[in-house]
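Coordinates in review
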Amino acid sequence: DVLVQLAYGFRIGMAFAVVNALLGTLIGVSMGGIQGYYGGWVDIILQRIEEIWASIPFLFVIMIIATAFTPTFWLLVLLMIILRSWLGITYYVRGEFYREKAKDYVQAAIGIGISDWKIMMRHILPNSMVPIVTLTPFAVVGYISALVSLDFLGFGLPPGTPSWGRLLRQGLENVKFHPHLVI
């Protein structure tokens, strides 16, 4: 029974993490690419917006929203994407785009009149994949941890949904008489 719940909890946690990682990375790469490619005022304005947005304590905001009504899987995914999941990769992709834009092959593409979109997609993005490929597994682990934390505190998925956080909570409540649940 516990192993079945662990397996279902893994499935839900992994789905949550992968959806957040994919959508957050897509948004973050887009924002970072625009900032790094265009630079100047575009970069400055978007960077200030990101800094203000990053100062919002996202777990507390999710907890406040969860007290108003029980969040569903997709609502939690949406909140996580809107509040946090796109921010981290944005800074790295921005730096990569700045670095790659200064190289000769990009300047040559600009010189022969290739559109900005094609330069960003065909030339710069393939050469800027290192932070994306490197950080995505860590982001997946972070999203699983965020879901476990929210479920453990009672602000996550609706009751009855198997999750690792809820299982940890049950184990903590029963540690005195059933210590094997924690293990």
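Since we're looking at a predicted model, the values are computed, not measured. One numbering rule holds for all chains: residues counted from 1, following each sequence as written. Restriction of local features to residues with pLDDT of at least 70 applies here, the model being predicted, together with a cutoff of 80 or more for giving and counting side-chain atom pairs; totals for whole chains, interfaces and linings are based on all residues. The basis for every side-chain value is the complete set of heavy atoms in the structure, and neither hydrogens nor water enter the calculation.

Put simply, buried Ala, Val, Leu, Ile, Met, Phe, Trp, Tyr and Cys residues joined by side-chain atoms within 4.5 Å make one nonpolar core. The rule is simple: take the accessible area with a 1.4 Å probe, protein chains only, and divide by the maximum for that residue type; under 20% is buried, over 50% is exposed, in between is partly exposed. Core analysis: the largest hydrophobic core is formed by 21 residues, its most contacted members being Phe16, Ile62, Leu76, Met80, Tyr143 and Leu147. To qualify as a helix, a DSSP run of H or I must reach at least 4 residues; to qualify as a strand, a run of E must reach at least 2; elements of each kind are numbered from the N terminus. When residues of this core are traced back to their parent elements, those giving at least two are α1 (2-38), α3 (58-68), α4 (73-85) and α8 (130-153). Ranked by residues supplied to this core, first place goes to α8 with seven residues. Note on contacts: a residue pair qualifies if any of its non-hydrogen atoms lie within 4.5 Å across the two residues. Excluding residues that lie within four positions of it along the chain, Leu147 makes contacts with Ile12, Gly13, Phe16, Leu76 and Leu157. Judged by nonpolar contacts, the second largest core, of 12 residues, contains Tyr37, Phe97, Leu125 and Ile132.

What follows deals with the environment of Lys101. Structurally, Lys101 is set in helix α5 (residues 87-101). Taking relative accessible area as the criterion, Lys101 reaches 23% and is therefore assigned partly exposed. Along the sequence, Lys101 and Val140 sit 39 residues apart, while their C-alpha atoms lie 29 Å from each other. The contact partners of Lys101, leaving out residues within four places of it in the chain, are Gly36, Tyr37, Val106, Gln107, Ile110 and Ile124.

Here the focus is the packing of α8 against helix α9 (residues 164-173). With axes taken as lines fitted to C-alpha atoms, and helix axes fitted only over the stretch in contact, angles between N-to-C directions fall between 0 and 180 degrees. Where α8 contacts α9, the axes come no closer than 7 Å and their chain directions differ by 45°. Compared by their axis directions, α8 and α9 come out oblique. In this structure, α8 meets α9 at a crossing whose hand is right-handed. Counting all contacts with α8, which are made through Ile144, Val148, Asp151 and Phe152, the residues of α9 involved are Trp164, Gly165, Arg166, Leu168, Arg169 and Leu172. Three residue categories are used. Nonpolar comprises Ala, Val, Leu, Ile, Met, Phe, Trp, Tyr, Cys and Pro, charged comprises Asp, Glu, Lys and Arg, and polar comprises the others, including Gly. Split into classes, the residues belonging to the contact of α8 with α9 amount to six nonpolar, one polar and three charged. Note on terminology: angles under 35 degrees are roughly parallel, angles over 145 are roughly antiparallel, angles of 65 to 115 are roughly perpendicular, and the others are oblique. Put simply, a crossing is left-handed when the front helix is turned counterclockwise from the back one by less than a right angle, and right-handed when it is turned clockwise.

Purely spatial values, then, with no claim about function.
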